[in-house]
Amino acid sequence: SKYCLLIDSDIEFNNENLIKQINLLNELEDAVAISPNVRQINVQDLVYKTSPDIFYDVHALRDIDEQKGISFTDCPFVKSKDRLDWILKKPIKCNSCFGGFFILLNEHFKETEWSTNGDCEHILFCEKLLKFGSIYIDPRSKVYTEPDLRGITINNLQKIANKQLNHLESRKTKTFNF
């Protein structure tokens, strides 16, 4: 087949997600993979308070400058340009992402080694995949998950979100609220 689809078992999606991601993969000349905008529906935006849900798979996200994403918010990106593209629903180039509904060109999947040595397996996989082209997140393709939060309090998540925001502000990172 031309495409390979990697799906996490706890992700809710539909045919529209698949079509959007395949179309985008074919439209972008340098694209080898497209990740969706995976939403966690049981936590609201704790950073900017703008969304009833949050971007979920921040652990696997690295922007093109290798910056980690922002947790517990609608838009996980740090850089102003990426945040603007998110708002405008334009695809955003990354070094790593997954989103639980990851579509890629099958020819590159066959040539890419999957490893669990060291960092997150998705980051390592994307690192190898980048030798064939670019990886993008499509903010328009929303898929959903509702992880089990037993034993986790929103107050603890809010403390982590506040620490993260303070860290970003102390670095004087160019971000903006929306």
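These numbers were taken from a predicted model, which means no experiment stands behind them. (Residues numbered from 1 in each chain as written. Predicted model: local features only at pLDDT ≥ 70, side-chain atom pairs only at ≥ 80, totals over all residues. Heavy atoms only, no water.)

Draft legend 1. Structural context of the overall build of the protein chain. A count of helices and strands for the protein chain gives 5 helices and 7 strands. The order of helices and strands in the protein chain, counted from the N terminus, is β-α-β-β-β-α-β-β-α-α-β-α. The C-alpha radius of gyration of the protein chain comes to 16 Å, within 12% of the 16 Å expected for a compact globule of 178 residues. In terms of overall dimensions, the protein chain has a C-alpha envelope of 45 × 35 × 35 Å along the principal axes. In the protein chain, buried positions account for 50% of the 178 residues. Taking the intrachain contacts of the protein chain between residues at least 6 apart in sequence as the baseline, contacts between residues at least 24 apart amount to 71%. Only carbon and sulfur atoms are counted for the fraction: they give 49% of the accessible area of the protein chain, which is about 9,400 Å². (Helix = DSSP H or I, 4+ residues; strand = E, 2+ residues; numbered from the N terminus. Rg over C-alpha atoms; globule rule 2.2 N^0.38 Å. Buried < 20%, exposed > 50% of the residue type's maximum accessible area, 1.4 Å probe, protein only. Contact = heavy atoms within 4.5 Å. Areas by Shrake-Rupley, 256 points an atom, 1.4 Å probe, with all protein chains shown as cover.)

Draft legend 2. The arrangement of the pairing of strand β1 (residues 3-7) in detail. Of the two faces of β1, only one is covered, namely that formed by Cys4 and Leu6; the face formed by Tyr3, Leu5 and Ile7 stays uncovered. Sheet analysis places β1 next to strand β6 (residues 101-105), joined by 5 bridges and oriented antiparallel. In the sheet register, leucine 6 faces β6, and the bridge partner there is phenylalanine 102. (Pairing = 2+ DSSP bridges.)

Draft legend 3. Spotlight on the pattern of salt bridges. Under the criterion given, the structure shown has 8 salt bridges. We note a salt bridge from aspartate 65 to lysine 79, for which the minimum N-O separation is 3.2 Å. Of this pair, aspartate 65 sits in the loop between β4 (62-63) and α2 (80-87) while lysine 79 sits in the loop between β4 and α2; the two residues are 14 residues apart in sequence, bridging distant segments of the chain. As a salt-bridge pair, aspartate 148 and arginine 150 come within 2.4 Å of each other at their nearest N and O atoms. The structure contains a network of salt bridges with shared partners spanning Arg39, Asp53 and Asp74. (Salt bridge = Lys/Arg side-chain N within 4 Å of Asp/Glu carboxyl O.)

Draft legend 4. Spatial organisation of helix α1 (residues 15-27). The end-to-end C-alpha distance of α1 is 18 Å, a good match for the 18 Å that 13 residues give at a rise of 1.5 Å each. Where α1 is concerned, the buried positions are Asn17, Gln21, Ile22, Leu24 and Leu25. One side of α1 carries all its buried residues, which in axial view fall inside an arc of 165°. In α1, the exposed positions that point more than 90 degrees away from the buried face belong to Asn15 and Glu27. Sitting at the amino-terminal end of α1 is asparagine 14, which places a side-chain oxygen 2.9 Å from the backbone nitrogen of glutamate 16. (Expected span 1.5 Å × (residues − 1). Arc of directions from axis to C-beta. Polar contact = N/O pair within 3.5 Å; in protein donor to acceptor, adjacent residues only side chain to side chain.)

Draft legend 5. Structural context of the packing of aromatic side chains. If you walk through the whole model with that rule in mind, you get 5 aromatic pairs. Between the aromatic rings of phenylalanine 77 and tryptophan 86, the centroid separation amounts to 6.0 Å while the plane-to-plane angle is 55°, which identifies the pairing as tilted. As far as the burial class goes, phenylalanine 77 and tryptophan 86 line up, both buried. By the ring-pair criterion, three or more aromatic residues cluster together here, those being Phe55, Phe77 and Trp86. (Phe/Tyr/Trp six-rings, centres within 6.5 Å; stacked < 30°, edge-to-face > 60°.)

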